[in-house]
Amino acid sequence: MLVTVEGVYQDGQIRLDDAVSVQNDTKVIVTFLNEKRAAQPAPKRLTLDDFSFKQTRELLKDYKGSFSDAVIDERREAL
């Protein structure tokens, strides 16, 4: 007869989730499963929806300078 019972190993002790009724000394096999880690949210990836030409035009409608010059200035400041 094979019986499968889950449990937790902690501080040198095995704590079974269910009671097991065994009359005689019985050999057991203990398998340590990989620790289940809490699911971490996947990192946000950019999609085409993140790039909206219409939205960008709306945000920059009052901008009177050169976008290229603004990018160049920003990069120079970063150095």
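Refer to the structure above for everything that follows.
Everything numeric here is computed off the predicted structure, so don't read it as measured data.

(A) The arrangement of the pairing of strand β2 (residues 13–16) in detail. By the bridge criterion, four bridges tie strand β1 (residues 7–10) to β2 in an arrangement that is antiparallel. Bridge pairing links Gln 10 to Gln 13 in β2. Between β1 and β2, which pair antiparallel in sequence order, lie two residues; one of them, Asp 11, sits at a positive phi of approximately 55°.

(B) Here's a closer look at the environment of Asp 25. Looking at the secondary structure, you find Asp 25 in the loop between β2 and α1 (53–59). The exposure class assigned to Asp 25 is exposed, which follows from its relative accessible area of 82%.

(C) Quick peek at the pattern of salt bridges. One pass over the full model with this rule turns up two salt bridges. The salt bridge partner of Lys 44 is Asp 50, with a shortest N-O separation of 3.4 Å. For Asp 50, a relative accessible area of 34% puts it in the partly exposed group. A salt bridge links Glu 58 to Lys 61, with the shortest nitrogen-to-oxygen separation between them at 2.9 Å.

(D) Main features of the layout of surface pockets. By volume, the largest pocket amounts to about 1100 Å³. Those elements that place two or more of their residues in the lining of the largest pocket are β1 and β2. Considering each element in turn, the lining of the largest pocket owes the most residues, three residues, to β1. Here the lining of the largest pocket is built from residues that sort into 15 nonpolar, five polar and four charged.

(E) The arrangement of a negative patch on the surface in detail. Taken together, Asp 69, Asp 73, Glu 74 and Glu 77 make up a surface patch of like negative charges. Its place among the elements puts Asp 73 in helix α2 (residues 67–78).

(F) Examining unusual backbone geometry more closely. Phi at Asp 11 takes a positive value of approximately 55°, unusual for a residue other than glycine. By the element assignment, Asp 11 lies in the loop between β1 and β2.

The rules behind the values
Residues numbered from 1 in each chain as written. Predicted model: local features only at pLDDT ≥ 70, side-chain atom pairs only at ≥ 80, totals over all residues. Heavy atoms only, no water. Pairing = 2+ DSSP bridges. Helix = DSSP H or I, 4+ residues; strand = E, 2+ residues; numbered from the N terminus. Buried < 20%, exposed > 50% of the residue type's maximum accessible area, 1.4 Å probe, protein only. Salt bridge = Lys/Arg side-chain N within 4 Å of Asp/Glu carboxyl O. 1 Å grid on protein atoms, 1.4 Å probe; cavity = no way out; pocket = protein on both sides within 12 Å on 5 of 7 lines; lining within 4 Å. Points joined across faces, edges and corners; volume = space filled by probe spheres on them. Nonpolar A, V, L, I, M, F, W, Y, C, P; charged D, E, K, R; others polar. Patch = residues over 30% accessible without salt bridge, like charges linked within 9 Å, V, L, I, M, F, W, Y side chains within 5 Å. Areas by Shrake-Rupley, 256 points an atom, 1.4 Å probe, with all protein chains shown as cover. Lys, Arg positive; Asp, Glu negative; His and termini not counted. Charge placed at Lys NZ, Arg CZ, Asp CG, Glu CD.

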